[in-house]
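# Analysis of the macromolecular model
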Amino acid sequence: MNINAPKFDIGIIGGGPAGSTLAAYLAKANISCVVFEKEYFPRPHVGESLVPTTNLILQELGLLEEMEEAGFPHKHGAAWTSANKKLYSHNWEGMPSDYFADVRFGEKHSYHVDRAKFDQMLLQNAEKLGATVYQGARVNRINFPENDYPQIVVSVENEVIETQVRLVVDASGRRTLLGSQLDLKVKDPVFNQFALHTWFEGYDRGISDKKDYIFIHFLPIANTWMWQIPITETITSFGIVTQKEYFTKKKQEREDFFWSCVESQPEVFAKLKQAKQVKPFQEEGDYSYAMKDLCGDGWILIGDAARFVDPIFSSGISIALNSAKFASQDIIQAFEKSNLEDGRFKRSHFAQYETILKRGTKNWYEFISLYYRLNVLFTLFVSDPRYRLDVQKLLSGDVYEEDQPPVLQEMRKIVTEVEQNPNHLLHKFLGNLTANAFNPQ
């Protein structure tokens, strides 16, 4: 059957980090693509800290020099603190007694970013490389006509248009447009996290060599923690992540909850009260879900539209950029081998993408699950020289190569030992989230 060739080869829903990165890779390979972004950039967005593995992608897209010119702070490591200093009155298998732990990324560094500027930079780069970009273009739905190419139905101003493409890529983030339309979305029954966050100007980060780290402060409420991320020399992002059961609907009570959480870290609280809040509180929800399938005939999901676990290790942008890169490799390979029957994409074209992304997100999920179960005990684990380098590798975003990273097996072993012995000195300090990984497949 002969059908007319579509105007674009690839249609991408969403111009955030995943969509713009994929568009850039495809444009560099001379594959025609169009990006439909419902908002106008720059637009603010949460998720301001990157892990080192993102640097390779930024380098491949020619953006490292621009990152430096933008003045984004370098991120050299991560640190954890605990409000429960009494925990460390003894040693655990020779681990040092301390309520502070940190990991430095060696000679590597990544960046802390203002997402409004960073996302705009990525989208402009894709357009500069040759991708067609429409902003203020909201995708309403995707049609999959029998014996024809997929159709993207888009609202632009007061007009509704249809665009045919060989392949639809859903990079719509936590909107999960295509996953929701195809009834693929599975909510995580274990994680049900919400976040409340804002920016402060003039927060005193001190003079230590760790002032450019991301700080993760454990809080005394179950499964609750606070992030501290440098955005500029003078502006710092703070956010509280907690479970839905603690997250009130009332605005004033939410703000009171934020400050009561900060108050459990007296030093941070005192300095934050001296700083100036420069953004209203914003909230994020629906933080953990998966999809029954990541791809099918004529479509593929990338970034948050494919999977979101938890913001704890700044994994969102890393998964977004890496998933875009992996997807681009399968797309480019299909064109290079000319194995598109009638010019159409089939699920089989994305076997490599599916395998790699599932492996990486599974490792992320298990790491985060074990982390929450260890709770403040993680600071002891990460301080142990036996595991430090392997933990550093995971924290850097290197999760896609191994099916079972040995350090995860060690973390699981330690958790199991403490779980199974109610008389263990550290049993009462375990978090109450299960360490069993959620598997929607």
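As shown above, the structure is provided for reference.
Here goes a summary of the coordinates provided. In this text the structure is predicted, and so the values were computed from the model without any measurement.

A separate point is the overall build of the protein. Of regular secondary structure, the protein possesses 12 helices and 20 strands. The C-alpha atoms of the protein give 22 Å as radius of gyration, which agrees with the globular expectation for 441 residues (22 Å, within 12%). Overall size of the protein, expressed as C-alpha extent along the three principal axes, is 75 × 45 × 45 Å. Taken over 441 residues, the protein has a buried fraction of 58%. Intrachain contacts of the protein at a sequence separation of at least 6 include 75% that bridge at least 24 residues. Of the roughly 18900 Å² of accessible surface on the protein, 46% is carried by carbon and sulfur atoms. Taking the 48 positively charged and 57 negatively charged side chains of the protein as two groups, their mean positions are separated by 3 Å.

On to the packing of helix H9 (residues 351-374) against helix H12 (residues 406-419), then. Running from N to C, H9 and H12 cross one another at 30°; their axes reach a closest spacing of 10 Å. Here H9 and H12 pass one another in a crossing that is left-handed. Between H9 and H12, the contacting residues are Asn363, Glu366, Phe367, Leu370, Tyr371, Arg373 and Leu374 on the first element and Leu408, Met411, Arg412, Ile414, Val415 and Glu419 on the second. Of the residues in the contact of H9 with H12, the class split is eight nonpolar, one polar and four charged.

Glancing now at helix H1 (residues 17-28). Along its 12 residues, H1 runs 16 Å from first to last C-alpha, staying within 8% of the 16 Å computed at 1.5 Å per residue. Burial of H1 is extensive: 11 of the 12 residues sit out of reach of the surface. Its buried side turned inward, H1 meets strand E1 (8-13), strand E2 (33-37), helix H2 (54-60), helix H4 (115-129), strand E10 (159-170) and helix H8 (315-336). One or two steps after H1, the chain reaches asparagine 30, where phi turns positive at roughly 60°.

With that out of the way, let us pick up the side chain of histidine 197. Here histidine 197 shows up in strand E12 (residues 193-201). Under the relative-accessibility criterion, histidine 197 is labelled buried at 5%. Engagement of the side chain of histidine 197 in a polar contact is seen with the side chain of glutamate 284, the distance being 3.2 Å. Excluding its chain neighbours within four sequence positions, the residues that come into contact with histidine 197 are Val46, Trp227, Phe238, Gly239, Pro280, Phe281, Gln282, Glu283 and Glu284.

We now examine the layout of surface pockets. Counted as a void, the largest pocket has a volume near 810 Å³. Taken together, 45 residues line the largest pocket, and the ones lying closest to its centre are His45, Val46, Arg115, Arg174 and Asp304. Elements that contribute at least two residues to the lining of the largest pocket include exactly H1, E2, strand E8 (137-143), strand E14 (225-230), strand E17 (282-284) and H8. Looking at the lining of the largest pocket element by element, the count peaks at four residues for H8. Its residues placed into classes, the lining of the largest pocket shows 21 nonpolar, 13 polar and 11 charged.

For the structure shown, the criterion picks out 18 aromatic pairs. For the pair phenylalanine 36 and tyrosine 134, a centre-to-centre distance of 5.8 Å together with 10° between the ring planes defines the contact as stacked. Within this pair, whereas phenylalanine 36 is found in strand E2, its partner tyrosine 134 is found in strand E7 (residues 132-135), the two being separated by 98 residues in sequence. On the basis of an interplanar angle of 75° and a centroid distance of 5.8 Å, the ring pair of phenylalanine 200 and tryptophan 259 is categorised as edge-to-face. Here phenylalanine 200 is found in strand E12, whereas its partner tryptophan 259 is found in helix H6 (residues 251-263), with 59 residues between them in sequence. The exposure class assigned to phenylalanine 200 is buried, which follows from its relative accessible area of 1%. Assessed through its relative accessible area of 18%, tryptophan 259 is described here as buried. By way of ring pairs, the aromatic residues Trp80, Phe218, Trp364, Phe367, Tyr371, Tyr372 and Phe378 are connected into one cluster.

If you look at the biggest cluster of nonpolar residues, it comprises 122 residues, and the most contacted ones within it are Ile10, Trp80, Phe313, Phe367 and Phe378. Ranked by the residues each element gives to this core, the list is headed by H9, at 11 residues. If you look at the next biggest cluster of nonpolar residues, it comprises 17 residues, including Leu219, Trp259, Leu272 and Phe281.

Let's shift gears to the pattern of salt bridges. Per the stated rule, a full pass over the model turns up 16 salt bridges. Linking lysine 325 and glutamate 60 is a salt bridge whose minimum nitrogen-to-oxygen distance equals 3.2 Å. Here lysine 325, found in helix H8, pairs with glutamate 60, found in helix H2; they are 265 residues apart in sequence, far enough to count as distant. Under the relative-accessibility criterion, lysine 325 is labelled buried at 14%. By relative accessible area, which is 31% here, glutamate 60 ends up partly exposed.

Right, let's talk about empty space enclosed by the protein for a bit. The tally for this structure, following the rule as stated, stands at four cavities of 30 Å³ or more. If you trace the largest cavity, you find it lined by Val51, Lys75, Ala78, Trp80, Phe105, Ile214, Ile216, Ile312, Phe313, Ser314 and Leu395. Put simply, the parts of the chain that give the lining of the largest cavity at least two residues each are strand E4 (77-82) and strand E13 (214-218). Looking at the lining of the largest cavity residue by residue, the classes come out as nine nonpolar, one polar and one charged.

Simply put, disulfide is the name for a covalent bond between the sulfur atoms of two cysteines. The final tally for this structure, using the stated rule, is zero disulfides. Free of any disulfide, cysteine 295 has its nearest cysteine sulfur in cysteine 33, 19 Å distant. With a relative accessible area of 1%, cysteine 295 lands in the buried category.

Thresholds, definitions, all that
Residues numbered from 1 in each chain as written. Predicted model: local features only at pLDDT ≥ 70, side-chain atom pairs only at ≥ 80, totals over all residues. Heavy atoms only, no water. Helix = DSSP H or I, 4+ residues; strand = E, 2+ residues; numbered from the N terminus. Rg over C-alpha atoms; globule rule 2.2 N^0.38 Å. Buried < 20%, exposed > 50% of the residue type's maximum accessible area, 1.4 Å probe, protein only. Contact = heavy atoms within 4.5 Å. Areas by Shrake-Rupley, 256 points an atom, 1.4 Å probe, with all protein chains shown as cover. Lys, Arg positive; Asp, Glu negative; His and termini not counted. Charge placed at Lys NZ, Arg CZ, Asp CG, Glu CD. Axes fitted to C-alpha atoms, helices over the stretch in contact; angles between N-to-C directions. Left-handed = near helix turned anticlockwise from the far one by under 90°. Nonpolar A, V, L, I, M, F, W, Y, C, P; charged D, E, K, R; others polar. Expected span 1.5 Å × (residues − 1). Polar contact = N/O pair within 3.5 Å; in protein donor to acceptor, adjacent residues only side chain to side chain. 1 Å grid on protein atoms, 1.4 Å probe; cavity = no way out; pocket = protein on both sides within 12 Å on 5 of 7 lines; lining within 4 Å. Points joined across faces, edges and corners; volume = space filled by probe spheres on them. Phe/Tyr/Trp six-rings, centres within 6.5 Å; stacked < 30°, edge-to-face > 60°. Core = buried A, V, L, I, M, F, W, Y, C linked by side-chain atoms within 4.5 Å. Salt bridge = Lys/Arg side-chain N within 4 Å of Asp/Glu carboxyl O. Disulfide = S-S within 2.5 Å.

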